[in-house]
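# Survey of secondary and tertiary structure
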Amino acid sequence: MQLKPGSRCRSTVCETEVVVVRAPDRALELTCCDVPMVDRDDPTTGSTSSGAAGGEDVLIGKRYCDEDSGVEVLCTKGGGGPLVCDGRQMVIKAAKPLPSSD
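Conventions adopted
- Residues numbered from 1 in each chain as written.
- Predicted model: local features only at pLDDT ≥ 70, side-chain atom pairs only at ≥ 80, totals over all residues.
- Heavy atoms only, no water.
- Pairing = 2+ DSSP bridges.
- Helix = DSSP H or I, 4+ residues; strand = E, 2+ residues; numbered from the N terminus.
- Salt bridge = Lys/Arg side-chain N within 4 Å of Asp/Glu carboxyl O.
- Buried < 20%, exposed > 50% of the residue type's maximum accessible area, 1.4 Å probe, protein only.
- Core = buried A, V, L, I, M, F, W, Y, C linked by side-chain atoms within 4.5 Å.
- Contact = heavy atoms within 4.5 Å.

## Structural notes on the sheet that holds strand E8 (residues 83-85)
Taken together, the four strands give an open sheet; going across it, the order is E4-E3-E8-E9, and neighbouring strands pair in antiparallel fashion. Each having just a single partner strand, strand E4 (35-36) and strand E9 (88-89) make up the two edges of the open sheet. Here E8 pairs with E9 via two bridges, running antiparallel. When the bridges of E9 are listed, Val84 appears paired with Gln89.

## Overview of the pattern of salt bridges
Any two side chains of opposite charge can pair, given that their charged atoms come close. In the structure shown here, the tally under the stated rule is eight salt bridges. In this structure, the salt-bridge partner of Lys77 is Glu15, at a minimum N-O distance of 3.4 Å. Highlighted residues: Lys77 in strand E7 (residues 71-77) and Glu15 in the loop between strand E1 (8-10) and strand E2 (17-22), separated in sequence by 62 residues. When its relative accessible area of 35% is taken as the criterion, Lys77 is described as partly exposed. Connected through salt bridges with shared partners, the residues Arg22, Arg63, Glu72 and Lys93 form a single ionic network.

## Topic: unusual backbone geometry
Gly81 connects to Pro82 through a cis peptide bond whose omega is 5°. A positive phi angle, near 60°, is found at Cys33, a position not held by glycine. The topology assignment puts Cys33 in the loop between strand E3 (30-32) and E4. One non-glycine residue with positive phi stands out, namely Asp86, at about 50°.

## Comments concerning the nonpolar core
Core analysis: the largest hydrophobic core is formed by 19 residues, its most contacted members being Leu3, Leu30, Val73, Leu83 and Met90. Here Leu3 is in contact with Cys9, Val20, Ala23, Pro24, Leu28, Leu30 and Val71, once residues within four sequence places are set aside.

## Looking at the pairing of E2
Remember that side chains alternate between the two faces of the sheet whenever the strand is regular. Two strands pair when backbone bridges link them, and E1 and E2 are joined in this way by three bridges, in the antiparallel orientation. Its bridge partner lying in E2, Arg8 is registered against Val19. Hairpin connection between E1 and E2: a loop of six residues separates the two successive antiparallel strands. Inspection of the sheet shows E2 paired to E7 by five bridges, in the antiparallel sense. In the strand pairing of E7, Val18 is matched with Cys75.

## Observations regarding the environment of Val20
With respect to the helices and strands, the residue Val20 is situated in strand E2. Overall, the relative accessible area of 3% leaves Val20 in the buried class. Between the alpha carbons of Val20 and Val71 there is a distance of 7.7 Å; along the sequence they are 51 residues apart. Once residues within four sequence positions are removed from consideration, Val20 is found in contact with Leu3, Lys4, Pro5, Gly6, Ser7, Glu72 and Val73.

Okay, structure coming up:
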């Protein structure tokens with residue numbers, strides 16, 4: 001799937017939804033619960049089911065990134081997981097430390 005900033009994706013097997021914050025200029029495979037994610041507004045895909053495939057839950061409001069590909073997504077609706085990009089599990093992006101106020 002060709003991802004671009006602002007793209008909204010959802011899982012077809014759980015409630016997880018994400019918005020792409022940063023993406024490279026090449027096609028990537030973004031999966032959740034071992035199933036490819038689809039465009040949130042795609043009418044050709046079925047509705048989500050309530051069951052998740054298991055694994056680490058995706059947390060709402062957290063940014064997930066893959067350092068190798070440079071993709072970064074923001075979770076807008078939590079659900080089952082894990083989020084995987086091109087076969088690599090995405091990790092929660094750590095907050096940048098603030099400078100000291102000394």
